[in-house]
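Notes for the structure review
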Amino acid sequence: MRMAWNDKQTEKNRRFIQSLTHALYGLKTVIKEERNMKYHLLLGLSAVILGVFCHISIAEWLWLICAIVLVLMAEMTNTAFEVLVDLVTNKTYHPLAKKVKDMAAGMVLLSAFFAIFVGMIIFLPKIISFLVGR
Ligand SMILES: Nc1ncnc2c1ncn2[C@@H]1O[C@H](COP(=O)(O)OP(=O)(O)OP(=O)(O)O)[C@@H](O)[C@H]1O
């Protein structure tokens, strides 16, 4: 049975463990190869540490984790689009390729705006009251 990603498998996964292995490989690849993904992870981790430090509520945790995961998912989708476009165009210029890549990049930007908005709603009042109360 073919299990690993390096055996040039192209047929459908037959077992859950195969699907899981490939999904984890996808995650590992995007973290390893995409500089922006590393930045998003670092910022997400910083927000989590700030959340612990500020003792945020359960509802705030849910919004924060939702925002972080949304940005990571957008970055992964953007990267998948970039790879697919490069595969199809063989890195030659095409106006439709530009459209796809720019729209995918716009999706990341939109998710980042949402994350900044959520972060400000959660942390700004706490930071202000911390500074004022000193
Ligand atoms: N084949 C192509 N045809 C036309 N325009 C392209 C093509 N490939 C890239 N571009 C343009 O160049 C930009 C950068 O493309 P690239 O693949 O380097 O994305 P990127 O800078 O790695 O994106 P990110 O910053 O999200 O990692 C795209 O947003 C697009 O405007």
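Because the structure is a prediction, the values reported are computed rather than measured. (Residues numbered from 1 in each chain as written. Predicted model: local features only at pLDDT ≥ 70, side-chain atom pairs only at ≥ 80, totals over all residues.)

Now for the UniProt feature "active site" (unreviewed entry) in the protein chain. Per the UniProt entry, the sites bearing "active site" (unreviewed entry) are E75 in this numbering. With respect to the helices and strands, E75 occurs in helix 3 (residues 58-89). Leaving out residues up to four positions away in the same chain, E75 has contacts with E34, N36, M37, H40 and V108. (UniProt positions renumbered as here; feature names shortened; annotations may be inferred. Helix = DSSP H or I, 4+ residues; strand = E, 2+ residues; numbered from the N terminus. Contact = placed C-beta atoms within 7 Å.)

UniProt tags R14 and E75 as "binding site: substrate" (unreviewed entry). Across 62 residues of sequence, these annotated residues are also dispersed in space, with a maximum C-alpha separation of 28.1 Å. You can see R14 is positioned in the segment before helix 1 (16-33).

This next bit is on the site of the ligand. For the ligand, the set of nearby residues contains 13 residues, the closest of which are T89, Y93, A97, K98 and K101. For the shell around the ligand, the secondary-structure elements that each account for two or more residues are helix 3 and helix 4 (95-132). Ranked by residues supplied to the shell around the ligand, first place goes to helix 4 with five residues. Counted by class, the shell around the ligand contains four nonpolar, four polar and five charged residues. (Near = placed C-beta within 6 Å. Nonpolar A, V, L, I, M, F, W, Y, C, P; charged D, E, K, R; others polar.)

The subject of this paragraph is unusual backbone geometry. Even without a glycine there, the phi angle at H55 is positive, about 50°. With respect to the secondary-structure elements, H55 resides in the loop between helix 2 (35-54) and helix 3. Here H55 falls in the exposed class, since 8 other C-beta atoms lie within 10 Å of it. Backbone geometry at K91 places phi at a positive 65°, although glycine is not the residue there. Here K91 shows up in the loop between helix 3 and helix 4. (Buried ≥ 20, exposed ≤ 12 C-beta atoms within 10 Å, placed from the backbone.)

Counting nine residues, the largest nonpolar core is built from L64, A67, I68, V71, L72, A74, V108, A115 and I122. When residues in this core are grouped by element, the largest group, six residues, is from helix 3. Leaving out residues up to four positions away in the same chain, L72 has contacts with H40 and G44. (Core = buried A, V, L, I, M, F, W, Y, C linked by C-beta atoms within 7 Å.)

With that settled, consider the environment of H22. Mapped onto the elements of the fold, H22 is located in helix 1. Expressed as a C-alpha distance, the spacing of H22 and V69, which sit 47 residues apart in the sequence, is 20 Å.

Within the protein chain, residue pLDDT values average 92, and 94% of them lie at 70 or more. Of all the helices and strands in the protein chain, helix 1 carries the lowest mean pLDDT, 92, while helix 3 carries the highest, 98. Quick note on the complex model: pTM equals 0.88, ipTM equals 0.91. (pLDDT = per-residue confidence, 0-100.)

Turning our eyes to something else, we now look at the packing of helix 3 against helix 4. Contact geometry of helix 3 with helix 4 gives a least axis separation of 9 Å together with a crossing angle of 170°. Considering the angle they form, helix 3 stands roughly antiparallel to helix 4. By residue class, the composition of the contact of helix 3 with helix 4 is 20 nonpolar, four polar and four charged. (Axes fitted to C-alpha atoms, helices over the stretch in contact; angles between N-to-C directions. Parallel < 35°, antiparallel > 145°, perpendicular 65-115°, else oblique.)

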